Amino acid sequence: MAMTMSQKILAKKAGLDHVEPGQLINADVDLVLGNDITTPVAIDELEKYGFEHVFSKTGIAIVLDHFVPNKDIKAAQLSKRCRDFAAKHGIVHFYDVGRMGIEHALLPEQGLVAPGELIVGADSHTCTYGALGAFSTGFGSTDMAAVMATGKCWFKVPAAIRFELSGKPQEWVSGKDVILHIIGMIGVDGALYQSMEFGGEGLRHLSMDDRLTMANMAIEAGGKNGIFEVDEVTRAYMQGRVNRTYETFMPDDGAAYARVIEIDLSSIRPTVAFPHLPENTRTVDEAGDVRIDQVVIGSCTNGRIGDLAAAARLMSGKKVADGVRCIVIPGTQQIYREAIHAGYIDTFLDAGCAVSTPTCGPCLGGYMGILAEGERCVATTNRNFVGRMGHVKSEVYLASPAVAAASAIRGKIADPASI
């Protein structure tokens, strides 16, 4: 039976010859992830049911990133719960202040995920790792507890949508624009509990940063996971990061898809998602005169070095517009260091930006950039729901780092080509 990439990985991890959409399976997990918000709940569940040991010291990753460095007493208590648990069980992949980063930028960087692996995490954007050819998906804290105890998780095998990519993106068009274009096309429930599988000759024109961004936002289309075919770009990224054997899975000829959607990358324009849903997309040409108060460049979606490079290129020699606050948040300590050595941090500071240590911070309305009533923010984050970044009467516009940087300079939503 012909299978998709996701089906092949799930079949392998379940010890089966083949699986079909809708089938329930029990599969071995390679890595389970939690953060400072979701892990304490999982710890409570694990201990409530009497589990005294975890299935693996290396198969669990705990990253303190959402409210870290701790913003208040409650955040500090949650982090301490994680620290104590990690110390008690000898968790190898524990990341705290000074070593931490935004989890979905950090794990690929550190070589903790690889093609063909099955990754689960108590955070909805765990789907990011599909950029590397892994089956990766988010779930709840109770599920995290079960996997920490057993190393296994049950799944309903998803059907798949095939995205056949062709063409080469125009200048200033990135993976963020591509995925916003797709979500605008199919809607926030357009891939509900389906695997979004990306391939085609256009794939070679997308960097790993582009792919990580696109896989990250598969959940914003309702997807169970997003996954990319493994190619030379993937293998180059793995070089020097992953020193273990991994297996790549390509779709079979004749694999059954719920639908196939063709995307010509050359036709996509810089795209913005207007409030209050990621599907509410317009190109920058259609944006109109939207004045803004704040710009955030960072997050698990767009806090990587390529993202900072694009923003710095636009901001070099320029100033943030009067009345606009621009906050730049590198995704990890390593990215922060690379940005320093490349001169990007000086560029941001010279432009009048604030630069933060790695944190999720404002993305989820945590801290480091909360919006007041009536304020508007252009953000490289992944969600723009009502009240997502602060007051329920504030507005978040999702965009690429290039559009965000251009908007910071102009003081309104702007086309990068106009800078």
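These figures come from a predicted structure and were not determined experimentally. (Residues numbered from 1 in each chain as written. Predicted model: local features only at pLDDT ≥ 70, side-chain atom pairs only at ≥ 80, totals over all residues. Heavy atoms only, no water.)

### A word on the sheet that holds strand E8 (residues 159–166)
For step 1, the next point in the chain: If you trace the four strands from one edge of the open sheet to the other, you get E10-E9-E8-E11, paired in parallel fashion. Two strands close off the open sheet at either side, each with one partner strand: strand E10 (225–228) and strand E11 (259–264). Sheet twist, expressed as the mean angle between neighbouring strand axes with direction ignored, is 20°.
For step 2, the next point in the chain: By the bridge criterion, six bridges tie E8 to strand E9 (residues 194–199) in an arrangement that is parallel. Bridging across to E9, Phe163 finds its partner in Phe198. (Pairing = 2+ DSSP bridges. Helix = DSSP H or I, 4+ residues; strand = E, 2+ residues; numbered from the N terminus. Axes fitted to C-alpha atoms, helices over the stretch in contact; angles between N-to-C directions.)

### Structural notes on the pairing of strand E1 (residues 24–28)
For step 1, the next point in the chain: Of the two faces of E1, only one is covered, namely that formed by Ile25 and Ala27; the face formed by Leu24, Asn26 and Asp28 stays uncovered.
For step 2, the next point in the chain: Sheet topology places E1 next to strand E7 (residues 152–156); five bridges connect them, and they run antiparallel. Bridge assignment links Ile25 to a residue of E7, and that residue is Phe155. (Buried < 20%, exposed > 50% of the residue type's maximum accessible area, 1.4 Å probe, protein only.)

### Observations regarding the packing of aromatic side chains
By convention here, two paired aromatic rings are described through the distance between centres and the angle between planes.
For step 1, the next point in the chain: Counted by the stated rule, this structure contains four aromatic pairs.
For step 2, the next point in the chain: Geometrically, the ring pair formed by Phe274 and Tyr397 is edge-to-face, given 4.9 Å between the ring centres and 80° between the ring planes. Highlighted residues: Phe274 in the loop between strand E12 (271–273) and strand E13 (281–283) and Tyr397 in strand E18 (residues 395–398), separated in sequence by 123 residues.
For step 3, the next point in the chain: In this structure an aromatic cluster arises from ring pairing among Phe163, Phe198 and Phe228.
For step 4, the next point in the chain: Note that Lys156 overlies the ring of Tyr193, its terminal NZ or CZ placed 5.0 Å from the centroid.
For step 5, the next point in the chain: The ring centre of Tyr237 lies 4.0 Å from the NZ or CZ of Arg241, which sits over that ring. (Phe/Tyr/Trp six-rings, centres within 6.5 Å; stacked < 30°, edge-to-face > 60°. Lys NZ or Arg CZ within 6 Å of the ring centre and 35° of its normal.)

### Some points on the UniProt feature "binding site: [4Fe-4S] cluster" (unreviewed entry) in the protein
For step 1, the next point in the chain: The UniProt feature table records "binding site: [4Fe-4S] cluster" (unreviewed entry) at Cys300, Cys360 and Cys363. On the basis of their most widely separated C-alpha atoms, the annotated residues across 64 residues gather in one place, lying no more than 9.1 Å apart.
For step 2, the next point in the chain: The residue Cys300 is located in helix H9 (residues 299–302) in this model.
For step 3, the next point in the chain: If near-sequence neighbours (up to four positions away) are discounted, Cys300 is found in contact with Ile102, His104, His125, Asn216 and Asn382.
For step 4, the next point in the chain: Mapped onto the elements, Cys360 comes out in the loop between strand E16 (354–355) and strand E17 (376–379). (UniProt positions renumbered as here; feature names shortened; annotations may be inferred. Contact = heavy atoms within 4.5 Å.)

### A few points about the nonpolar core
For step 1, the next point in the chain: Counting 94 residues, the largest nonpolar core has Leu107, Phe155, Phe163, Ile182, Met196 and Phe198 as its most contacted members.
For step 2, the next point in the chain: For this core, the leading source of residues is helix H6 (residues 175–186), giving six residues.
For step 3, the next point in the chain: Shared between two domains, this core takes at least three residues from each, and those domains are domain 1 (5–265) and domain 2 (271–418).
For step 4, the next point in the chain: Other than its neighbours up to four places away in sequence, Met196 contacts Ile161, Phe163, Ile179, Ile182, Ile186, Ala191, Ala218, Ala221, Gly223, Asn225, Gly226 and Ile227.
For step 5, the next point in the chain: Val295, Ala321, Ile345 and Ala404 belong to the second-largest nonpolar core, a separate cluster that totals 35 residues. (Core = buried A, V, L, I, M, F, W, Y, C linked by side-chain atoms within 4.5 Å. Domains from an automatic or database assignment.)

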